[in-house]
Every structure is written in C-alpha cells, then in structure tokens.
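# Analysis of the macromolecular model
In case you want the letters, here they are:
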Amino acid sequence: RGSVVYAEPGWCVWCPSAVALPDGRFALVHSRWPESAGFGAWLSKSEAALAISENGPLGPYRFVKTLLAGSGRNGDFDRDVIHNPTVFPDGGKYYLFYMGTYSDLTGEKSSAAPELGIEKGSLRLNQRIGVAVANRIEGPYVRTGRPLLPECEDCIMSSNPAVVKMPNGKYLMVFKWGWPPPARFPNCHNTCASAMADSPLGPWKIVSRDAF
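Now for a description of the structure that goes with this document. Residue positions are counted from 1 within each chain, in the order its sequence is given. Totals for whole chains, interfaces and linings use every residue, but because this is a predicted model, local features are given only for residues with pLDDT of at least 70 and side-chain atom pairs only at 80 or more, for both listing and counting. Calculated side-chain values reflect all of the structure's heavy atoms, with hydrogen atoms and water omitted.

In this section: the overall build of the protein chain. Secondary structure elements follow DSSP: runs of H or I no shorter than four residues count as helices, runs of E no shorter than two count as strands, and numbering proceeds from the N terminus. The number of helices and strands found in the protein chain is two helices and 12 strands. Start at the N end of the protein chain and walk to the C end: the helices and strands fall as β-β-α-β-β-β-β-α-β-β-β-β-β-β. In this analysis, two residues are considered to be in contact whenever any of their non-hydrogen atoms come within 4.5 Å of each other. Pairs at least 24 residues apart make up 50% of the contacts formed inside the protein chain by residues separated by at least 6 positions.

Following this line, the structure appears as structure tokens:
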C-alpha cells in the first residue's frame, strides 16, 4: 500500500517528475492548481512547481517555488496554462518539458467545468508541448517560445511529454496526442506517439504516429 510523499494544503498536486540532484537532494517537479477552483481547473489554472527532499526519493518534500506559469502574453501557445511537467537533466542543464495551452475566449478564465464546453474545448485543442531550460533546478527557466513538435493536419493536441537519452546519443520523446480534426472533438482518438531529436531543444521529428 502506497504512502503520500508530498502534499500541498490548498492545492491539487499532479504530474510528479522526480530527479536526483548532484548534491544528494531530490527534486519533485509537479503540476499544481488551487483546490478552491475544483479538480477540473488543471485545464485552466495549472502551473509547474518545485518541491525538494533532503532525505531521499521518498521524501518528505517541501515546497520551494513556482518554476513556470502561463506566460500571460497574447500570441504565446503557453499563455494561460503549464501542465504535465517533466524535468530532464542533461549536460549540466535542466530541461523542463511541459504542455502549454491558452483559451481563445476573452474575459475571465473558467475552471473548465464540464458545463463550460466551449472554453474547455478551446483549452484542449490548443494543447502543445514546449520546453524551458535552466542551469539550476530552481531556475530561472528560459522558454523557447514555440511548440516543439511539428504541426500536422490531423493532430489536434499534444501533451504528456516523457524524454530519455538513447545509447546512440539521440533523444527520444514519447507523448500523447489526439486526432482526427477538431470538428469531431471531443470524440478524438488519443494515442501515444514518439519523436527523435539530436538535442533536447529539437528539432523533433515524429517517428511513430501510433506507438501504442
């Protein structure tokens, strides 16, 4: 039976990504959003945060800071939401892969409750994978400012990135995406696809459209 290794009072905590640090500590990068907004607010109010354990991977972890939130800039694919963070150390740097999205609607953002189907659909359809890089786990993280995966006609969203360095030195990303076209949303077909790159920053090339 499992035990809780980390919780934040007043916050929903999701998408944990743990990594060992050079000084013996462990970092837990995770999504969080206000509990008061409801569980469905992962889609509209999520950010990436950092917790640290001094006592190994099982914690306890303590909250440190928000690492990355929506940019707030019109025109950015990650203007409103940061979710699904994956921290990937490589070459003395920390790469924070994530799903970013924004609402096409103006005015106050909702908690993406089921009855608000229009905004929920907008936030889902605009999901794209990005990356930010830092020299320290605590940041600051610098965004590339663009989605990592090439856009394709039948891909309506991409999320949940997981990255590993292969024995040949190339980088493999497995991610979730949905298709066919938006006109059939929400009855899209979700699969896991994969992409390869020579650098964590890309360019990434899709090598399997339906890995499983």
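Here the rule is simple: two strands pair whenever DSSP picks up at least two bridges between them. A sheet is described by the order of its strands in space; here four strands give the open sequence S1-S2-S3-S4, paired in antiparallel fashion. A single partner strand is all that each edge strand has here, and the edge strands are strand S1 (11-20) and strand S4 (61-68). Strand after strand, the sheet turns through a mean of 30° between neighbouring axes, direction not considered. One ladder, built from eight bridges, connects S1 with strand S2 (residues 26-34); its direction is antiparallel. Bridge pairing links Ala20 to Phe26 in S2. Here the axes come from fitting lines to C-alpha atoms, over the contacting stretch only for helices, and the angles between their N-to-C directions go from 0 to 180 degrees.

One finds Leu68, Ile137 and Tyr141 to be the most contacted residues of the largest nonpolar core, which totals 19 residues. By size, the runner-up hydrophobic cluster in this structure holds 18 residues, among which are Ile129, Val133, Val163 and Phe175. In this description, a nonpolar core means a group of buried Ala, Val, Leu, Ile, Met, Phe, Trp, Tyr and Cys residues linked to one another through side-chain atoms lying within 4.5 Å. Any residue under 20% of the maximum accessible area for its type is buried, any over 50% is exposed, and the rest in between are partly exposed; the area is computed with a 1.4 Å probe on protein chains only.

A few words on the pattern of salt bridges. The salt bridge criterion pairs a side-chain nitrogen of Lys or Arg with a carboxyl oxygen of Asp or Glu, the two atoms within 4 Å. All told, the structure shown has 11 salt bridges when counted by the stated rule. A salt bridge links Arg62 to Glu54, with the shortest nitrogen-to-oxygen separation between them at 3.6 Å. For Arg62, a relative accessible area of 43% translates into the label partly exposed. One connected set of salt bridges, linked through shared partners, spans Asp23, Arg25, Arg136 and Glu138.

It is worth spelling out the environment of Tyr94 at this point. Within the element layout of this structure, Tyr94 appears in strand S6 (residues 93-101). Tyr94 gets classed as buried once you look at its relative accessible area, which sits at 10%. Placed 42 residues apart in sequence, Tyr94 and Arg136 show a C-alpha to C-alpha distance of 6.6 Å. Apart from the residues lying within four places of it in its own chain, the contact partners of Tyr94 are Leu21, Pro22, Val87, Phe88, Pro89, Ala132, Val133, Ala134, Asn135, Arg136, Ile137 and Tyr141.

Here Ile137 lies in the loop between strand S7 (128-134) and strand S8 (142-143). Separated by 87 residues in sequence, Ile137 and Leu50 place their C-alpha atoms 8.4 Å apart. Filtering out sequence-adjacent residues up to four positions away, Ile137 remains in contact with Val19, Leu21, Ala27, Val29, Leu50, Leu67, Val87 and Tyr94.

Inspection of the secondary structure puts Arg25 in the loop between S1 and S2. Assessed through its relative accessible area of 17%, Arg25 is described here as buried. Polar contacts here mean pairs of N or O atoms no more than 3.5 Å apart (in protein, one a potential hydrogen donor and the other a potential acceptor; neighbouring residues in sequence count only if both atoms are side-chain atoms). At 2.8 Å, the side chain of Arg25 and the side chain of Asp23 are in polar contact. Each residue touching Arg25, except ones within four places of it in the same chain, is listed here: Val19, Ala20, Ile52, Ser53, Glu54 and Glu138.

What follows deals with the packing of aromatic side chains. Each aromatic ring pair is specified by the distance between its two centres and by the angle formed by the two planes. Note on ring pairs: Phe, Tyr and Trp rings are taken, using the six-membered ring of Trp, and paired if centres are within 6.5 Å. Classes follow the plane angle, with under 30 degrees stacked, over 60 edge-to-face and the rest tilted. Considering all chains together, one arrives at six aromatic pairs under this definition. Centre to centre, the rings of Trp14 and Phe39 are 5.4 Å apart; their planes meet at 75°, and the pair counts as edge-to-face. Here the residue Trp14 occupies a position in strand S1, and Phe39 occupies one in the loop between S2 and helix H1 (42-45), the gap between them amounting to 25 residues. Given a relative accessible area of 47%, Phe39 falls into the partly exposed group. Put simply, the rings of Trp14, Trp33 and Phe39 touch in pairs and so form one group of aromatic residues. The rule for a charge over a ring is simple: NZ of Lys or CZ of Arg within 6 Å of the ring centre, and within 35 degrees of the ring normal. If you follow Arg32 out to its NZ or CZ, it ends over the ring of Trp11, 3.6 Å from the centre.

Moving on, we come to the sheet that holds S8. Strand order across the open sheet formed by four strands is S5-S6-S7-S8, with antiparallel pairing between neighbours. Taken across any chain shown, the strands that pair with only one partner, and hence form the sheet edges, are strand S5 (81-90) and S8. In this structure, S6 lies alongside S7, joined through seven bridges in antiparallel fashion. By the bridge assignment for S7, Met99 is matched with Ile129.

Without other data, these values stay purely geometric and don't point to any function.
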